[in-house]
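# Notes for the structure review
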Amino acid sequence: MYSGKLCSKEPVKTKEQLQALLKDTRGKTYYKEMQNLEVDTDLLWKTIQTTLNSRIKTWLEICSRCGICAESCFLYLANDKDPTQIPSYKIQSTLGEIIKRKGDVDNAFMQTAMETTWGKCTCCNRCAMYCPNGIDTGVMFSYLRGLLYQQGFVPLEMKIGAGMHRIYYAQMDITDEDFIDTFEWIVEEYEKDYQGLKVPVDVKNADIMYTVNAREVKYYPEDLAYAAILFNLAQENWTVTSKGWEETSLAMFAGDWEACKIQVKHVYEAMERLKPKRMIGTECGHAHRATVIEGPYWMGRKDGKPPVESIHYVEWVAEALRTGKLKINPEKRIKTPVTIQDSCNYVRNGGLKDITREIISYIVEPGYFVEMEPCGENNFCCGGGGGFNGIGIYRNHRNKGLTVKRDQIIKTGAKLVLAPCHNCWDAIRDLEEEFKIGIKWSFLKPLLIDMVEIPESMKPAS
Amino acid sequence: MYQFLTGFMFWVSVSIFFIGLFVRFIFYFTGLNWRLDRVAYKSYPFYGIKGALKSVFKWLFPFLTRVWRKHFFITIASFAFHVGAVIVPFFLLAHNVFIRGKLGIFHSIILNQLTADILSWLVVIGAVILTIRRIVLPQARILTRGYDYFILFLAVAPFITGLCARYEVGNYSFWLYSHIIFGEVFLIAAPFTKLSHLVLFFASRIQIGMDFEIKRGGMKSKNGMAW
Ligand code: SF4
Ligand code: SF4
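What counts and how
Residues numbered from 1 in each chain as written. Chains lettered and ligands numbered in written order. Predicted model: local features only at pLDDT ≥ 70, side-chain atom pairs only at ≥ 80, totals over all residues. Heavy atoms only, no water. Helix = DSSP H or I, 4+ residues; strand = E, 2+ residues; numbered from the N terminus. Buried < 20%, exposed > 50% of the residue type's maximum accessible area, 1.4 Å probe, protein only. Contact = heavy atoms within 4.5 Å. Areas by Shrake-Rupley, 256 points an atom, 1.4 Å probe, with all protein chains shown as cover. Lys, Arg positive; Asp, Glu negative; His and termini not counted. Charge placed at Lys NZ, Arg CZ, Asp CG, Glu CD. Near = heavy atom within 4 Å. Nonpolar A, V, L, I, M, F, W, Y, C, P; charged D, E, K, R; others polar. Pairing = 2+ DSSP bridges. Right-handed = clockwise from strand over helix to strand, strands pointing away. Expected span 1.5 Å × (residues − 1). Axes fitted to C-alpha atoms, helices over the stretch in contact; angles between N-to-C directions. pLDDT = per-residue confidence, 0-100.

### Considerations on the overall build of chain A
Counting its secondary structure elements, chain A contains 22 helices and seven strands. Along the three orthogonal principal directions, the C-alpha set of chain A runs to about 75 × 45 × 45 Å. Here chain A holds 462 residues, and 66% of them are scored as buried. Within chain A, residue pairs in contact and separated by at least 24 positions form 82% of the contacts whose partners lie at least 6 positions apart. Accessible surface for chain A amounts to roughly 16600 Å². Of this, 50% is attributable to carbon and sulfur atoms. Distance between charge centres in chain A, computed from 59 positive and 62 negative side chains, equals 4 Å.

Here it is as structure tokens:
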């Protein structure tokens, strides 16, 4: 069976392979090789037979083909109601067809399926709320990602991302040393502004073990400093771990289930080693989904929970503000029209809508907060979820998809969009770049840093 | 012929219908897998039951969910169709008399003639609207296969023939025979076709209700999933 140098059924196993993939600008060679990739139809059918159970089978069978789910999908709306963007159509013409043909599909079919799977669905699960039969097309697409990944039909960046987790236990080439060095360095930079600021590493039995998104280490190290400052201001007994510090999982977006397990196991081992009371993850939606919501199942944990109680950053912020651990200077509350982007991964799929509204009640001057329509569990995907932001060949699909969020934001009249999720943050930054609607966007940490009161003991010595 | 259809075939079709659907319902749940589905079905019975009940109840009545409110016409048409299709066969006087002859059971809730007529007509009208919708709306048209029309036909044929018999349009016994045959075809086909949604609708709604309540935020948000 044909196997390309870059594009093959094999997952990335070495740093060299990763390097080669990274060097392949726009995946020129990768996608060229994909043209020759053969489908292992026996493997495909065997995998389906062992992993497809009554839930998905029933969904595909009883779909009324009513099309009610059409308008639930932001990509259908963004693409001028193109019927081929209807959730049911997308899944029936891919997964449904593969099953009907008992896995007997060819290269061209798989490439189209790949485009539909990563370029026409972000696995936001919104359609699941709108289907009378309770059909969750997002879940089916996430299953299909696994099948396609196994056959090598996966966008370049997803292959790289999953490979990163396999090699670095992080979504990018950041080593454990890089992580600790960066964290310590950036915290040092802020030491003079906040007396006693430090980053505790590998402290056992702390109250909090903090995990991050490797992007912060690489691109936004201030975010690490802000986290340290806020934990210190709140006088939390916290720590980071020198191994297993990455909360995200591009492997989940890629459908590389084995790498998902490798990644989350690493984090859970850190929990078991350091035995913190709680794990708190950074402002990232899919990281929370991967490590807190799905991860336990990848690890076969029967109660569906990680080894220690694990919460999203917004939950900690709400708690710290509620209990007075962090105090907001009322003068400094937000006084511009502001809205919030509800992340699919921890709002629709994690129930944290009320928590973020609670935060808003503390940090926004009454009268300035405007809800998007729709919002909460019903909110539309930011337009960049499920890996969409990062995939080069589907950039145009993504940009088109952003228009729904753009219009939602414009309608609120807000000048600032709170985006406590990395993917949402990126998508909103890109939509501002693309459409220039005159908004600012922000994580919570930088806003909080400007608003919180600093106890005397931490004020800079002058 | 009449003997055969109302005797042997009656028993065969009714048995296939009930046993078949029962088996499908049970197999749905035995076929779930907490690890593959990634839902701890059994670990949180309280949340599981709560989520399941809410997810079924809200969708069982018109206008309780956002979708039912938003899609006004299809909601009306679909409920008109389904309500009649479920109620009439069970509570029609003629069916009841027939069943008493067979089983000796007679239940006291009987539809009066007018209600039965109205409900049956609603089934037919509902089916017509659903068919037109499939033809006219692009988002339904692209999804619809011949099979979907066939299923709709299987469901509505007993009602059309039943009404023709009721109004004695032309040859009464022709319509009566057709009615019995289509009724039995429906009963036999149900477990093996998409008509199985009769029970799998509930199964699927129970699953997704548990899924969101147990795993996806039901324990964290104030009211669970806002369907
Ligand atoms: S709303 Fe549900 S039943 Fe209707 S077409 Fe979409 S997935 Fe199928
Ligand atoms: S999961 Fe989201 S993006 Fe995918 S089909 Fe459903 S609504 Fe569309």
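### Thoughts on the site of ligand 1
Close contacts around ligand 1 come from 13 residues, with C63(A), C66(A), G67(A), C69(A) and C131(A) the closest. Looking at the residues close to ligand 1, they fall on chains A and B. Partitioning the shell around ligand 1 into residue classes produces eight nonpolar, four polar and one charged.

### Topic: the pairing of strand β4 (residues 309-312) of chain A
Residues and elements named next belong to chain A. Both strand β3 (residues 278-281) and β4 contribute to a ladder of four bridges, which runs parallel. Its bridge partner being in β4, I280 is matched across the sheet by I311. Note that the unit made of β3, helix α16 (residues 285-298) and β4 has a crossover that is right-handed.

### Examining helix α12 (residues 197-215) of chain B
Residues and elements named next belong to chain B. Compared with the 27 Å implied by 1.5 Å per residue over 19 residues, the 25 Å span of α12 between its first and last C-alpha is a close match. The buried fraction of α12 amounts to 15 of the 19 residues, a majority that puts the element mostly inside the structure. G217, located one to two residues past α12, shows a positive phi value of around 95 degrees.

### So, the site of ligand 2
Surrounding ligand 2, one finds C73(A), F74(A), P87(A), K90(A), C121(A), T122(A), C123(A), C124(A), N125(A), C127(A) and G138(A). Among the residues forming the shell around ligand 2, the class breakdown is seven nonpolar, three polar and one charged.

### So, the sheet that holds strand β6 (residues 416-418) of chain A
Residue and element names in this part refer to chain A. Pairing is parallel across the open sheet formed by three strands, whose spatial order is β5-β6-β7. The open sheet terminates on both sides in strands that have one partner only, identified here as β5 (338-340) and β7 (440-442). The sheet shows a mean angle of 25 degrees between the axes of neighbouring strands, direction not considered. Here β6 pairs with β7 via three bridges, running parallel. Across the sheet, the residue bridging to V417 is W441, located in β7. Against the sheet, helix α21 (residues 422-435) contacts β6 and β7, and its axis sits at roughly 170 degrees relative to β7.

### Regarding the confidence of the model for chain B
On average, residues of chain B carry a pLDDT of 94, and 100% of them reach 70 or more. Interface predicted TM-score (ipTM) for the complex: 0.95; the corresponding pTM is 0.96.

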